[in-house]
Amino acid sequence: MLVRQRIAAAPAAFARGATKSFSSASSSSSSSARLFETRPSPSQLLSKQRSTFARRAYATEAPVPAPAAPKKKRFRFLRWTYRLTVLGLLGGTGYLGYSIYLLRHPAEQIEPDPSKKTLVILGSGWGSVSLLKKLDTENYNVVVISPRNFFLFTPLLPSCTTGLIEHRSIMEPIRNILRHKKATVKYYEAEATKIDYEKRLVYISDDSEIKGDVSHTVVPFDMLVVGVGAENATFGIPGVREHSCFLKEVGDAQKIRKRIMDCVETASFKDQTEEEVKRLLHMVVVGGGPTGVEFAGELQDFFEEDLRKWIPGIQDNFHVTLVEALPNILPMFSKQLIEYTESSFKEEKITIRTKTMVKNVTDKYIEAEVTKPDGTKELEKIPYGLLVWATGNAVRDVVKDLMSQIPAQKNSRRGLAVNEFLVVNGTENIWAVGDCAITNYAPTAQVASQEGAFLARLFNTMAKTEALEDELKKLSVAQQEAKNDEARNEIFAEIKERQRQLRRTKQIGPFQYSHQGSLAYIGKERAVADISWVSGNIASGGTMTYLFWRSAYLSMVFSARNRILVATDWIKAKIFGRDVSRE
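By convention here, each chain's residues receive numbers from 1 onward along its written sequence. The predicted nature of this model means local features are confined to residues of pLDDT at least 70 and side-chain atom pairs, given and counted, to a pLDDT of 80 or more, with totals for whole chains, interfaces and linings taken over all residues. Excluding hydrogens and water, the side-chain values take into account all heavy atoms of the structure.

Asks: What's the story with empty space enclosed by the protein in this structure? I'm lost.
Replies: Gaps left between atoms are located by rolling a probe of water-molecule size over the structure's atoms. Both site types are read off a 1 Å grid over the protein atoms alone. A 1.4 Å probe that fits but cannot get out defines a cavity, while an open set with protein on both sides within 12 Å along at least five of seven lines defines a pocket; lining residues have an atom within 4 Å of a point. Grid points are joined across faces, edges and corners, and a volume is the space filled by probe spheres set on the points. Evaluated as defined, the whole model comprises 1 cavity of 30 Å³ or more. Looking at the largest cavity, its volume works out to about 40 Å³. Lining the largest cavity we find Gly434, Asp435, Ala437, Thr439, Tyr441, Ala442, Pro443, Thr444, Val447, Ala448 and Glu451. Each helix corresponds to a stretch of at least 4 residues labelled H or I by DSSP, and each strand to a stretch of at least 2 residues labelled E; elements are numbered beginning at the N terminus. For the lining of the largest cavity, the element with the most residues is helix α14 (residues 445-480), which contributes 3 residues. Side-chain classes are defined by residue name, with Ala, Val, Leu, Ile, Met, Phe, Trp, Tyr, Cys and Pro counting as nonpolar, Asp, Glu, Lys and Arg as charged, and the others, Gly among them, as polar. Its residues placed into classes, the lining of the largest cavity shows 6 nonpolar, 3 polar and 2 charged.

Asks: Just checking my understanding: could you explain the sheet that holds strand β12 (residues 282-286) for this structure?
Replies: Either a parallel or an antiparallel arrangement is found when strands of a sheet pair, and the pairing is made through backbone hydrogen bonds. An order of β11-β18-β12-β13-β14 is seen for the 5 strands of this open sheet, with the pairing classed as parallel. Every other strand in the sheet has two partners, leaving β11 (245-246) and β14 (350-353) as the edge strands with one partner each. Here a strand pair is declared whenever DSSP counts at least two bridges between the two strands. With 2 bridges joining them, β11 and strand β18 (residues 386-389) adopt parallel strand pairing. Counterpart to Phe246 in the pairing with β18 is Trp389. It only takes one pair of heavy atoms within 4.5 Å for two residues to be counted as in contact. Throughout, an axis means a line fitted to C-alpha atoms (over the contacting stretch in the case of helices), and angles, computed between N-to-C directions, take values from 0 to 180 degrees. Where helix α9 (residues 250-267) meets the sheet, it contacts β11, β12 and β18, and its direction lies at approximately 160° from that of β18. Contacting β12, β13 (319-323), β14 and β18, helix α11 (residues 290-310) crosses the sheet at an angle of about 175° to β13.

Asks: Just checking my understanding: could you explain the environment of Ala325 for this structure?
Replies: Here Ala325 is to be found in the loop between β13 and α12 (335-347). C-alpha separation for the pair Ala325 and Val370, spaced 45 residues apart in sequence, amounts to 8.7 Å.

Asks: Mind showing me how you'd approach the layout of surface pockets here?
Replies: Counted as a void, the second largest pocket has a volume near 660 Å³. Lining of the second largest pocket is provided by 23 residues; of these, Ser99, Leu103, His180, Phe558 and Ser559 occupy positions nearest its centre. When residues of the lining of the second largest pocket are traced back to their parent elements, those giving at least two are α4 (76-104), α7 (174-179) and α17 (560-576). Here the element with the most residues in the lining of the second largest pocket is α4; it accounts for 7 residues. Of the residues contributing to the lining of the second largest pocket, the split by class is 11 nonpolar, 5 polar and 7 charged.

Asks: Can you walk me through the sheet that holds strand β6 (residues 191-196) in this structure?
Replies: Ordered by their spatial adjacency, 3 strands build an open sheet running β6-β7-β8, and the pairing between neighbours is antiparallel. In this open sheet, the two edge strands, each paired with only one partner strand, are β6 and β8 (216-220). Geometrically, the sheet is characterised by an average inter-axis angle of 25° between neighbouring strands, direction not taken into account. Inspection of the sheet shows β6 paired to strand β7 (residues 201-205) by 5 bridges, in the antiparallel sense. Across the sheet, the residue bridging to Lys194 is Tyr203, located in β7.

Asks: Explain the packing of aromatic side chains here, please?
Replies: What describes a pair of aromatic rings is the distance from one ring centre to the other and the angle between the planes of the rings. Working definition: rings of Phe, Tyr and Trp (its six-membered ring) pair if their centres are within 6.5 Å, and the pair is stacked with planes under 30 degrees apart, edge-to-face with planes over 60 apart, and tilted otherwise. Using the criterion set out here, one finds 15 aromatic pairs in the structure. Both rings, one in Tyr140 and one in Phe459, keep their centres 6.3 Å apart while their planes meet at 65°; by these two values the pair is edge-to-face. Of this pair, Tyr140 sits in the loop between α5 (126-134) and β2 (141-146) while Phe459 is found in helix α14, placing the two residues 319 residues apart along the sequence. Both rings, one in Tyr441 and one in Tyr513, keep their centres 5.2 Å apart while their planes meet at 55°; by these two values the pair is tilted. On the criterion of sequence distance, the pair formed by Tyr441 in the loop between β22 (437-438) and α14 and Tyr513 in the loop between α15 (485-505) and β23 (517-523) is long-range, its members being 72 residues apart. Each member of the aromatic cluster is reached from another via a ring pair, and the members are Trp126, Phe151, Phe153, Tyr521, Tyr546, Trp549, Tyr553 and Phe558. A ring has a charge above it when a Lys NZ or an Arg CZ is no more than 6 Å from the ring centre and no more than 35 degrees off the ring normal. One residue, Arg83, lies across the ring of Trp80, its end atom 5.2 Å from the ring centre. Cation over ring: Arg550 sits above Trp570, and NZ or CZ is 4.2 Å from the ring centre.

Asks: Mind showing me how you'd approach the nonpolar core here?
Replies: If you look at soluble globular proteins, the nonpolar side chains tend to sit buried side by side. Think of a nonpolar core as a cluster: buried Ala, Val, Leu, Ile, Met, Phe, Trp, Tyr and Cys residues, connected wherever their side-chain atoms sit within 4.5 Å. For every residue, the accessible area (1.4 Å probe, protein chains only) is compared with the maximum for its type, and the residue is labelled buried under 20%, exposed over 50%, or partly exposed between those bounds. Leu156, Val226, Leu455 and Phe459 are the most contacted members of the largest nonpolar core, which totals 122 residues. What fixes the domain bounds is an automatic or database domain assignment. No fewer than three residues from each of domain 2 (118-228 + 397-435 + 441-459) and domain 3 (245-394 + 515-576) sit in this core.

Asks: Looking at this structure, I do not really get the UniProt feature "coiled-coil region" (unreviewed entry) in the chain. What am I missing?
Replies: UniProt positions are given in the numbering used here, feature names are shortened, and annotations may be inferred rather than shown by experiment. Here, UniProt's "coiled-coil region" (unreviewed entry) annotation points to residues 465-497. Overall, residues 465-497 shows 88% helix and 0% strand. The separation of its end C-alpha atoms is 14 Å.

Asks: I keep staring at the environment of Ile145 and nothing clicks. Help me out?
Replies: Considering the arrangement of structural elements, one finds Ile145 in strand β2. Judged by its relative accessible area of 2%, Ile145 is buried. For the pair Ile145 and Glu191, spaced 46 residues apart in sequence, the C-alpha separation works out to 7.0 Å. Filtering out sequence-adjacent residues up to four positions away, Ile145 remains in contact with Val120, Ile121, Leu122, Gly123, Tyr188, Ala190, Val202, Ile204 and Val219.

Asks: Help me understand the side chain of Ser130 in this model?
Replies: With respect to the helices, strands and loops of the structure, Ser130 is situated in helix α5. Residue Ser130 is classed as buried on the basis of its relative accessible area of 9%. Residues in contact with Ser130, not counting those within four places in the same chain, are Ser449, Gly452 and Ala453.

Asks: Is there a simple way to explain the environment of Gly542 in this structure?
Replies: Along the chain, Gly542 falls in strand β25 (residues 536-542). Using a relative accessible area of 7% as the deciding quantity, one classes Gly542 as buried. Contacts of Gly542, omitting those with residues within four sequence positions, involve Tyr340, Glu525, Arg526 and Ala527.

Asks: Whenever I open this one, unusual backbone geometry confuses me. Can you help?
Replies: Most peptide bonds take the trans form, and the phi angle of most residues other than glycine is negative. Even without a glycine there, the phi angle at Arg200 is positive, about 55°. On the secondary structure map, Arg200 appears in the loop between β6 and β7. Residue Glu525 is not a glycine yet carries a positive backbone phi of 55°. Counting through the fold element by element, Glu525 comes out in the loop between β23 and β24 (526-533). Taking the relative accessible area as the measure of exposure, Glu525 reaches 30% and is therefore partly exposed.

Asks: Explain the state of the cysteines to me, please; I cannot follow it from the model alone.
Replies: Put plainly, a disulfide is one covalent bond tying together the sulfur atoms of two cysteines. A pair of sulfur atoms, both from cysteines and within 2.5 Å, is called a disulfide here. Within the structure shown, the criterion is met by 0 disulfides. Just so you know, Cys245 is unpaired, no disulfide at all, and the nearest cysteine sulfur is the one on Cys263, 8.7 Å from it. Accessibility expressed as a relative area gives 2% for Cys245, which makes it buried.

Encoded structure:
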């Protein structure tokens, strides 16, 4: 009975997942129970071992981590900015290297064609150089005549007077410009002394120290561009030409530089009287335009940043005064910029004397007529050590002589009167650009540059027009000599095409000046800008405008060579300061 109960209970035990064999219910009947014990099969043992191993492995194995969330894309903007900056620097360096290579390795030029017209260009200033840059010289036999064999970037000339920029950094040899033209351009370093309009001759003179067998000769022309500029206007005031320093050429800047240091060193001389020291260290600038304002600012910077450090004895007596006959300085700028400049000069301790008209100049003082607030006038003596004359322009003698030969110019006083295509009134083959031409615009470098570019387009168009007209004449003859209707129709189709090209070519309009704005440096790393914009003018002043002023002038400098030299000069002066030696 007991054995039957155990056998009946075995399936229930297996159903509950038991893994052990049944044993005897009591110790007294253990041996008899073993005889009837039910043992597991080999397959059950193998399954048991596998499950046991799996449980142990699962218990000892490290937990599997959950899948990591994707990393956030941080600093993507900075990474792309860095990459673009690097690419920009590499591209800029490559472009600069390529530009220098082209500058150093000019291509071969086409020889002049005697059958083409001779175009003579007088001068190497803004108008003439702008014309040469854009002119297709293969259309003409071009001859350039100028006593100055370089182009001078005049807006940075005031910086040369104090040593901030070396004068050669703003000079571009005219030979470099001409050598890169497609066709050969002849250049004569000479001064045009006379223009014979009737005979179409230019008389030139070699004024250099070393002369050859021929120093005077003539140059014939078919077309003439007068771009000789203007000379300094003294308004007939006695003593101006004898005692003043002008600021138009490189020699003027070098003269001013020497004069500044002469005044400083003479003022430091032993036993010099206090009154004489004050006179020597009083720097007077006559002219409240951009040139005079910029020079006054540069001069005050030179004193504040360098002179007072190395020559402390002059700091109590050094003074800059700006004299202007008009009621305010910078008349071409907006009222708010004028006020900003005046307040900046007051902060920099630069004296502005408006409504002060110079009447006489001696070697030690100027006599000026001063208009007081109540309208009364009185004559005042202003002592000076350095006098810089930065006023208006006067007509050169060669231009006066040409004006006397042309009846249509008899009423002109300030230069050659021109029409809307810059043709000199009363002539057919003479054009004028720059300060020697009288237009409706101010005589500035910006105007002269745009006039030169306009003439280049005009001359290129004229050459294309003449070539098309010659082709039309030949096609007309060929059409008359055609043997059959088919050939005549083909030639007629070519004639119609040339006529369409001729109409498109002749569509060039008159000269129109586009004012890009005005810039002026006012000292202490500040500048003023009156920039033309679509919606009107933008007037600004301060340090950011000064950075814009530098970047604008750096981009306008003629070649990559000049840009590198100017930037190097600025960096050098910032690190080491300006040189206070006399030469």
